[in-house]
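Overview (structure and organization)
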Amino acid sequence: MRFYRALLRLYPSSFRGEYGQEMCAIFADRLRGKRGFLATRRLEIDALADVLPNAIRSHMDLLRQDLRYTARGLTGAWGFTVTAILVVALGIGATTAAFSITDHVLIRPLPFPRSQDLIALWENQPHRGISRMELSPGNFRDWKRLSTSFESMGACSTFSMNLVGTGSPERLDMAYVTWDLFPTLGVAASAGRIFTAGDDSPGAPGTVILSDRLWRSLFVADPHVLGRKVILNGDPYEVIGIMPGSFRYPERETQFWTPFRFAEDAFTDRTNTYLSVVGRLRRGVSLARARAEMQVVAKEVEREHPKENARTGATVGRLHDELSRQSRLLLTVLFAASLGVLLISCTNLANLLLVRALGRRHEFAVRLALGAGRERVIRQLVTESLVIAVVGGALGVGLALAAGPLMVKLVPDALPIAQTPPVDLRLLGFAAFVTVATALAFGVLPAIRVCGEAASAGLQAAARAGEGRRTEALRGALVIAEVAASVALLIGSGLLIRALWRLKDVDPGFRSDGVLALRTELPLPKYEKTDLRIRFYDQVLSEVRGLPGVSGAGYVSALPMLWRGGIWPISLAGEPPDPADARMVSVRYVTPGYFMAMKIPLLAGRDVASTDTQKSPFVAVVSESFVRRWWPGENPIARGFRVASDDRRVVGVAGDVRVRGLERESEPQVYLPAPQVADGDIIGYIPKDLVVRSSVATSTLLPSIRAIVEKADPQQPISDVRMVAEILEAETAPRSVQARVLAGFAATALVLAGVGIHGLLAFGVSQRTREIGVRLALGAQSSEILSMVLRRGILLATAGIAAGVTIAYGAGHAMKALLAGVSPADAATFAAAGAASFSMVILGCLFPALRAVRISPMTAIRSE
């Protein structure tokens, strides 16, 4: 019988109350006729088979009744229904959108087997303030040889190559990789094979592996492409494999991979650092142990090569964490802001549901008096809450998906993941959890509270107006929380907007307006000789400068901000080189006309000239910061220094350029004449980016430039066509997106806070109608009633603003890295946010206050 009574708990309480005793009596009679263990168990199984489907059917019948009643109730209160659904949709939409990006970037593992064991390795030189620097081939080989914490270790370096023979020449992003990189990552080709040790041996035939995207776009998914020869930079390569579509390494846009082939002399120059290295931990080896071992390894390599590796250590971290602190903080702030919007939405929903439930106390008291169980009434209110939450949640997911194109701009390029987060069960499960949690937390509690009051107070108490002090205090606390969260969001977004404005006002050192940039990266060995490159530059530049509307053109190794490397040590004339404490500069080779095209001011001396060749004295143009740092107050012209193994004489001084980006001070810059690159020397610095200043529209100018380049070399592709202004916009694009999203969150929060305080005061006025009528009948002035209503709203607003300012102050210090020099306690931002919040609150208070003033004393008293 205990089993059967427990089984009856599956039925609704109303069903048990009406039929429970009768069903227990019937079961007891059946039980008395059974003897033995098997007979009793069979009876229990029969009872379970009978009760379970009938209990489900009973619950479904009640649910249908509840849904019909809910539909009538909600359609009869359109204002409440629409407001509640929109409040839920805004909260869940904001949180789901932010979660999808945060989960995609910060939480999900990388798409590699045992991705938690993949480790990124870097050189570091703390005495120079460098915590992460690529490895030289020599250090990579030694670290790999001496370390025991890793199963394997591989390296890569991004580059680009010209592909010809498949139509128009194309410049494609690619990566050189060591043969053991793919096994280290744990990936295999979807067709064909990956590289083996023989592929990167000097003299081995050229081999290439295609990305799935390149295979589908350029080779039309031809299944017979394996074994086919393609021409890359003038040399034949055999296609040996195709990678899976999900593989994106080392960059999202990498289109093919070829093996490194290090000549023996590549291991001797340990200052030439360009390898990104990843290792896989051995099973059972911790990250801490690997870090400790690599410090020992770095010391051993320094002992073996004291001159080149002086004070060079190792930085070891998980590959998944290869994300700048700024990007990580940016996403964290965004997710925290979305949680703030969700909090405000939930408090608004709680207030709405509580007000609606309080307004129906008389209805609940009548239903309870007529025999409806308390559980039945609560169930009805929970059904209403769930309907509102489910509809609002579905709309919120739609809003989150609609915000996708904006949010994906926050996905960093540094991670080997897809840019667009997948819409999968993980995302939908999060949205469903937030929806149900919102409904239960802020629907059930008001229902239980109000039903309890109605049940205990009875019809007479339910009919009286007014709400208890505890209920009033609870709703006031919820409004304070709303105002505090909205103020914190408003101040946070204001600080980020101020930081964005500050960055946009930073002088990059050049003028971007009207400058078109494009890349004509000359392939080696075809253009290994410097004279051939200079001939190409001269022909292209002379014809481009003759185009209508063109006022300047020049070539440079790489555009500022697109390439933040090129950092070299120098030694001034008269001082011995000291690799352990060298002066560092940013080096670029340029052609004559580059400074004019970019409008980088020449402050002294001259530009590089066509007469600056390998047969003439080696010269350089240095930046203003170069002179200010090392020759302050002196004339730099004709002074000497040594860089890139050559002695140079200064012939000019140019303005400073932010080559490292708008947010970071750059090393002093050094510009070297393009003809003064020896054949086959520092090939990564060969000028490749053409900049053209013109008053003509790009659509008119670009075809003419393409024709000029094709005339100079029919096999030379053009790539990376963009306006220089777009480079500056890209510098602030993630910040701009975050500021827009956060400002949207803050505006939503501010409006919701205004709605919340309006609802609180409006309900208070409706509950105090009789009191206000009596006051007016006894001679109270309208100004006194107005002041009475406004006073409470202003007190709540003041408390909320004070709490919000405190929260924002702490949050501002936490996100100081995002503020680009703006003070976390910026007075103007705090004052503006406080004023905006106070104004919104006053606006929310005004309508209930005016309604209170317009109450007729006679009508109010008669309504009682």
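These remarks concern the structure in this document. Since this is a predicted model, take the numbers as computed values, not measurements.

This part is about the packing of aromatic side chains. Under the criterion given, the structure shown has 23 aromatic pairs. On the basis of an interplanar angle of 85° and a centroid distance of 6.2 Å, the ring pair of phenylalanine 112 and tyrosine 249 is categorised as edge-to-face. A residue pair is termed long-range when its members are at least 10 positions apart, and phenylalanine 112 in the loop between helix H4 (78-107) and strand S1 (118-125) and tyrosine 249 in the loop between strand S8 (235-242) and strand S9 (256-259) qualify at 137 residues. The residues phenylalanine 112 and tyrosine 249 share a single accessibility class, namely buried.

For the coordinates displayed, the defined rule picks out 29 salt bridges. Between glutamate 302 and lysine 299 there is a salt bridge whose closest N-O contact spans 3.9 Å. Taken together, the positions of glutamate 302 and lysine 299, both in helix H8 (residues 287-304) and 3 residues apart, correspond to about one turn of that helix. Residues aspartate 720 and arginine 519 are paired through a salt bridge, measuring 3.8 Å at the closest nitrogen-oxygen approach. Of this pair, aspartate 720 sits in strand S22 (residues 719-723) while arginine 519 sits in strand S12 (residues 515-519), and the two are 201 residues apart along the sequence. For arginine 519, a relative accessible area of 17% translates into the label buried.

Of the pairings in the sheet, the one linking strand S3 (residues 150-164) to strand S4 (residues 170-177) comprises 8 bridges and is antiparallel in character. Paired with methionine 161 across the two strands is leucine 172, which belongs to S4.

Together, Phe3, Leu10, Leu48, Leu52, Ile56, Met60, Leu63 and Leu67 line one region of the surface with nonpolar side chains, adding up to about 640 Å² of accessible area. Ranked by the residues each element gives to the nonpolar patch, the list is headed by helix H3 (residues 37-75), at 6 residues. In this fold, phenylalanine 3 is placed in helix H1 (residues 2-8). Overall, the relative accessible area of 35% leaves phenylalanine 3 in the partly exposed class.

Let us now look at H3. Its 39 residues place the ends of H3 56 Å apart at the C-alpha level, agreeing with the 57 Å of an ideal helix rising 1.5 Å per residue. Within the span of H3, buried status applies to Ala39, Thr40, Leu43, Glu44, Ala47, Val51, Ala55, Ser58, Leu62, Asp66, Thr70 and Leu74.

As a further point, take the packing of helix H2 (residues 13-32) against H3. With their axes 13 Å apart at the nearest point, H2 and H3 run at an angle of 165° to one another. With respect to their mutual orientation, H2 and H3 come out roughly antiparallel. The chirality of how H2 crosses H3 is right-handed. Between H2, through Ser14, Phe15, Phe27, Arg30 and Leu31, and H3, the contact on the second element is made entirely by Thr40, Leu43, Asp46, Ala47, Ser58 and Leu62. When the residues that make up the contact of H2 with H3 are grouped by side-chain class, the tally is 6 nonpolar, 3 polar and 2 charged.

Definitions and limits used
Residues numbered from 1 in each chain as written. Predicted model: local features only at pLDDT ≥ 70, side-chain atom pairs only at ≥ 80, totals over all residues. Heavy atoms only, no water. Phe/Tyr/Trp six-rings, centres within 6.5 Å; stacked < 30°, edge-to-face > 60°. Helix = DSSP H or I, 4+ residues; strand = E, 2+ residues; numbered from the N terminus. Buried < 20%, exposed > 50% of the residue type's maximum accessible area, 1.4 Å probe, protein only. Salt bridge = Lys/Arg side-chain N within 4 Å of Asp/Glu carboxyl O. Pairing = 2+ DSSP bridges. Patch = residues over 30% accessible without salt bridge, like charges linked within 9 Å, V, L, I, M, F, W, Y side chains within 5 Å. Areas by Shrake-Rupley, 256 points an atom, 1.4 Å probe, with all protein chains shown as cover. Expected span 1.5 Å × (residues − 1). Axes fitted to C-alpha atoms, helices over the stretch in contact; angles between N-to-C directions. Parallel < 35°, antiparallel > 145°, perpendicular 65-115°, else oblique. Left-handed = near helix turned anticlockwise from the far one by under 90°. Contact = heavy atoms within 4.5 Å. Nonpolar A, V, L, I, M, F, W, Y, C, P; charged D, E, K, R; others polar.

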